[in-house]
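Examination of the molecular architecture
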2 protein chains.
Amino acid sequence: MPLEIRPSQALKLWRQVHLDLVRDGQADLSARQTAILLTIYLELPPHTVRGLAQQLGVTKPVVTRALDTMGKLGLVTRKRDEFDRRNVVIQRTVAGALAVERLADLITDHAREIGGS
Amino acid sequence: MPLEIRPSQALKLWRQVHLDLVRDGQADLSARQTAILLTIYLELPPHTVRGLAQQLGVTKPVVTRALDTMGKLGLVTRKRDEFDRRNVVIQRTVAGALAVERLADLITDHAREIGGS
DNA sequence: CCCGATCGTTACGGGTCCGTATCATTACCG
DNA sequence: CGGTAATGATACGGACCCGTAACGATCGGG
């Protein structure tokens, strides 16, 4: 049972959600940061800098910086892996989970509004 | 006939599309720029800097800079309004229409993949 | 005509992000 | 041990974006 969505509906949805994100002002996340954040919260742990960089097809500094920024915002936390101290495990936070949940609500709400078009 | 989408589906969709945008690398558009671009291509012309700024809830320089960037990328064009030469009319381009269309395909394709989850 | 209002742009100081290259720390293996 | 590999972080130069404030161009009413 695939998710049915027509191109015109997809674009309307994309626009409305982005409009809300811009207007709320509280989402200064770039496309890269968004992809990283959602990967952390949707895929099974553990998450490492290298693993995320590989999944996104970007360099490690990009991930490190994104984690810096999202860490400042309280969306994620970093912890050294005690079994291999070279690794850093990225952990979820309450604030991050709330932000992701709010994004999901934003999308579903607008999807409902759009309906048949 | 509202568009049915569950929060978990919405997040998966959002992540997959952002992953593709990042991996393709050709979409360095910020949330603001995305909102502006889609507004230009979905809403009825004419579009002005002031009108876009008002719809997005941002200042005029933000729109001007976004148009600069997207103009360099060939996604939009500016033309002075001959009837009120203070105004600038933002116009669509073939490249911009193609980019928007590709985004729509990206979304609908991933929506189809996600299906019942 | 002229002066205020409106439009889009530009200037400025500060901040963030990028990619490349390099670094410090830690693990592994002979 | 010592040397290599791997991980994440950092330095650097350049580019972009932001918000505030100022600017030039243009319109329109008195």
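About the cut-offs
- Residues numbered from 1 in each chain as written.
- Chains lettered and ligands numbered in written order.
- Predicted model: local features only at pLDDT ≥ 70, side-chain atom pairs only at ≥ 80, totals over all residues.
- Heavy atoms only, no water.
- Near = heavy atom within 4 Å.
- Polar contact = N/O pair within 3.5 Å; in protein donor to acceptor, adjacent residues only side chain to side chain.
- Helix = DSSP H or I, 4+ residues; strand = E, 2+ residues; numbered from the N terminus.
- Contact = heavy atoms within 4.5 Å.
- Buried area = accessible area lost by both parts, 1.4 Å probe.
- Salt bridge = Lys/Arg side-chain N within 4 Å of Asp/Glu carboxyl O.
- Nonpolar A, V, L, I, M, F, W, Y, C, P; charged D, E, K, R; others polar.
- Buried < 20%, exposed > 50% of the residue type's maximum accessible area, 1.4 Å probe, protein only.
- Least-squares fit on C-alpha atoms with pLDDT ≥ 70 in both.
- Lys, Arg positive; Asp, Glu negative; His and termini not counted.

Points about the protein's contact with DNA strand D
Within the structure, DNA strand D sits among 20 residues, and Arg50 and Lys60 of chain A together with Arg32, Gln33 and Thr69 of chain B are positioned closest to it. Arg50 of chain A places a polar main-chain atom, nitrogen or oxygen, 2.7 Å from a phosphate oxygen of DNA strand D. Sorting the residues of the surface near DNA strand D by element identifies α3 (49-56) and α4 (60-72) of chain A together with α2 (31-42) and α4 (60-72) of chain B as the ones contributing at least two each. In terms of residue count, α4 of chain B provides more of the surface near DNA strand D than any other element does, 4 residues in total.

Section: the interface of chain B and chain A
Residue-level contacts link 40 residues of chain B with 40 residues of chain A. Summing the contributions of chain B and of chain A, the shared interface buries around 3900 Å²; its carbon and sulfur component is 75%. Of all residues in chain B, the largest losses of buried area upon contact with chain A belong to Leu3, Trp14 and Arg15 of chain B, amounting jointly to 22% of the total for that side. Joining chain B to chain A, the criterion identifies 2 salt bridges. At the boundary of chain B and chain A, one finds 8 residue pairs in polar contact (both at pLDDT 80 or more). At the level of secondary structure, the elements contributing two or more residues to the side of chain B that touches chain A comprise α1 (7-24), α2, α3 (49-56) and α5 (94-114) of chain B. Per-element accounting of the side of chain B that touches chain A gives the leading share, 13 residues, to α1 of chain B. The class makeup of the residues in the side of chain B that touches chain A is 23 nonpolar, 8 polar and 9 charged.

Examining the pattern of salt bridges
Under the criterion given, the structure shown has 10 salt bridges over all chains. Between Glu82 of chain A and Arg85 of chain A there is a salt bridge, with the nearest N and O atoms lying 3.0 Å from each other. Across the pair Asp68 of chain B and Arg78 of chain B runs a salt bridge, and its minimum N-O distance is 2.3 Å. Here Asp68 of chain B, found in helix α4, pairs with Arg78 of chain B, found in strand β1 (residues 76-80); they are 10 residues apart in sequence, far enough to count as distant. With relative accessibility at 34%, the residue Asp68 of chain B sits in the partly exposed group. Given the relative accessible area of 35%, Arg78 of chain B is considered partly exposed.

A look at the protein's contact with DNA strand C
As a matter of local geometry, DNA strand C sits amid 20 residues, with Arg32, Gln33 and Thr69 of chain A together with Arg50 and Lys60 of chain B nearest to it. Sugar and phosphate atoms represent 71% of those atoms of DNA strand C found within 4 Å of the protein. In this structure, a phosphate oxygen belonging to DNA strand C sits 2.7 Å away from a side-chain N or O atom of Gln33 of chain A. The contact in question runs from a phosphate oxygen of DNA strand C to an N or O atom on the backbone of Arg85 of chain A, over 3.1 Å.

Some details on the environment of Arg50 of chain B
With respect to the helices and strands, Arg50 of chain B occurs in helix α3. Taking the C-alpha atoms as reference points, Arg50 of chain B and Ile40 of chain B, separated by 10 residues in sequence, lie 13 Å from one another.

As for the side chain of His18 of chain B
Inspection of the secondary structure assignment puts His18 of chain B in helix α1. In contact with His18 of chain B, other than residues within four places in its own chain, are Trp14, Ala31, Thr34 and Ala35 of chain A.

Digging into the relation of the copies chain B and chain A
Under the fitted operation, chain B is carried onto chain A by 0.0 Å of movement along the axis and a turn of 180°, and the coordinates agree to an RMSD of 0.0 Å. The symmetry that links the two subunits is that of a two-fold axis. When C-alpha positions in chain B are compared against the rotation axis, the closest is assigned to Ser30 of chain B, at 3.0 Å. With an isologous cut-off of 70% or more, the 100% of interface residues of chain B that recur at the interface of chain A puts this contact in the isologous class.

Considering the side chain of Asp81 of chain B
All names here are of chain B. Along the chain, Asp81 turns up in the loop between β1 and β2 (88-92). Within the buried core, Asp81 has no salt-bridge partner, and the shortest N-O distance to an opposite charge, that of Lys79, equals 7.0 Å. In terms of polar contacts, Asp81 uses its side chain to reach the backbone amide nitrogen of Phe83, at 2.9 Å. Among residues more than four places away in sequence, those in contact with Asp81 are Asn87, Val88 and Val89.

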